[in-house]
Amino acid sequence: GSDKQRRGFEQYLNHPERMKLSNRVFVYDIEQLSDKNETRRQIFSADLARFIGIKGELPPPPVVNRNEVESATDTEDNKRRRLLVGSTEEKQTEYLEEVKQLELAARNKKLRINICDEEFRYLREILVADARKTSKWLTDYFLAHGHNIFVSDKEFFLKIIKSWNEDPC
């Protein structure tokens, strides 16, 4: 489409009247899940539990231990041998699931890039430009004009999304 059509569509999408949501929305950044500040992370967990109507505490989010990925290259014989040596069926099932997760992590590790490498500079520039637009939209439109939107520790959340304006490298 033309620039005029694009601008019209952007105005439509960003119009404050469009922000009247019928359902409640809990907005968070993934960084809040692994916040090193224990107090803030507990408040986040309590806010999320309250938002979804759970009494009590939520279990902690899953953490991937990247150091374990190397063990995924273990031989099939070693895996079978450890499985068969006096473990219960439940433990065997747990172990097989863990092996599956580690193998997936090992495959994904091969697909990883370092976005800070010079060869990815152009891609990084595009991603940072898009992140800036998203940060602005979240701050100026979604959070400012939206209804039924809940953010745990809004100040911390805004600090995180403002960091999207900076090149991480």
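Let me begin by describing the structure that accompanies this report.

Reading the values: rules and limits
- Residues numbered from 1 in each chain as written.
- Predicted model: local features only at pLDDT ≥ 70, side-chain atom pairs only at ≥ 80, totals over all residues.
- Heavy atoms only, no water.
- Core = buried A, V, L, I, M, F, W, Y, C linked by side-chain atoms within 4.5 Å.
- Buried < 20%, exposed > 50% of the residue type's maximum accessible area, 1.4 Å probe, protein only.
- Helix = DSSP H or I, 4+ residues; strand = E, 2+ residues; numbered from the N terminus.
- Polar contact = N/O pair within 3.5 Å; in protein donor to acceptor, adjacent residues only side chain to side chain.

Observations concerning the nonpolar core
Counting residues in hydrophobic clusters, the biggest one holds 7 residues: Val27, Leu138, Phe142, Leu143, Val151, Phe157 and Ile161. Among the elements that line this core, the one with the most residues is helix H5 (residues 121–145), at 3 residues. Judged by nonpolar contacts, the second largest core, of 6 residues, contains Phe26, Ala49, Phe51 and Leu58.

Structural notes on the environment of Asp140
Summarising the element assignment, Asp140 is placed in helix H5. Of the residues examined, Asp140 reaches a relative accessible area of 31% and is grouped as partly exposed. Reaching out from Asp140, the side chain makes a polar contact with the side chain of Lys136 at a distance of 2.6 Å.

Regarding the environment of Ile43
Within the secondary structure layout, Ile43 lies in helix H2 (residues 38–52). Each C-alpha atom, one on Ile43 and one on Asp153, is 8.1 Å from the other, the two residues being 110 residues apart in sequence.

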